[in-house]
Amino acid sequence: MENKEAFMRAAIQLSVDKMKEGLGGPFGAVVVQNGVIIARGFNNVLSSNDPTAHAEVDAIRKACAVLGTYQLTDCDLYTSCEPCPMCLGAIYWARPRQVYFANTKQDAATAGFDDQFIYDEIAIPLTQRSIPMQQMLRQEAQVAFQEWQKKMDRREY
Ligand SMILES: [Zn+2]
């Protein structure tokens, strides 16, 4: 019998402790496998000068390093806040069994962490996004995909 509340409290504790230590924003996450916390992540954007160092990404990277895999198929992720679009993407690539979150993204927005603009950007045409995106050299880049498809020892993921 897993104690879901204990796991979430561990994520919440990280969100408070690491923020107080000045490492980053108030976000924590843990990865659980077979009833045991195998990785503890926390936002360390400020201390590592890494804008991608969100709690969920941190926890996923650490859990994958512990397990020696790039998939978390039999793991659950507990995060102190509803994942932002970047972390949501990372979660789908890591494929955990389930995600539990505490604070909602509305709570985060109230605290000054509003990621709604990223969700909005996804639906906007490329040329109208706040960061311009322009396609170029498609033909030349296709070589990599062609080589990948010919690669006999490729690992599908
Ligand atoms: Zn995030």
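Residues numbered from 1 in each chain as written. Predicted model: local features only at pLDDT ≥ 70, side-chain atom pairs only at ≥ 80, totals over all residues. Heavy atoms only, no water.

By the naming in an unreviewed UniProt entry, the protein chain is Nucleoside deaminase, taken from Adhaeribacter rhizoryzae. Taken from UniProt, the Sequence similarities (unreviewed entry) comment for the protein chain reads in full: "Belongs to the cytidine and deoxycytidylate deaminase family." (UniProt positions renumbered as here; feature names shortened; annotations may be inferred.)

(A) Geometry of the overall build of the protein chain. Looking only at helices and strands, the protein chain has 7 helices and 4 strands in total. Taken from the N to the C terminus, the helices and strands of the protein chain come in the order α-β-β-α-α-β-α-β-α-α-α. Over its C-alpha atoms, taken along the principal directions, the protein chain stretches across nearly 50 × 40 × 25 Å. For the protein chain, with 157 residues in total, the buried portion stands at 32%. Summarising the internal contacts of the protein chain: among those between residues at least 6 apart in sequence, 48% fall at separations of at least 24. Accessible surface for the protein chain amounts to roughly 10400 Å². Of this, 56% is attributable to carbon and sulfur atoms. (Helix = DSSP H or I, 4+ residues; strand = E, 2+ residues; numbered from the N terminus. Buried < 20%, exposed > 50% of the residue type's maximum accessible area, 1.4 Å probe, protein only. Contact = heavy atoms within 4.5 Å. Areas by Shrake-Rupley, 256 points an atom, 1.4 Å probe, with all protein chains shown as cover.)

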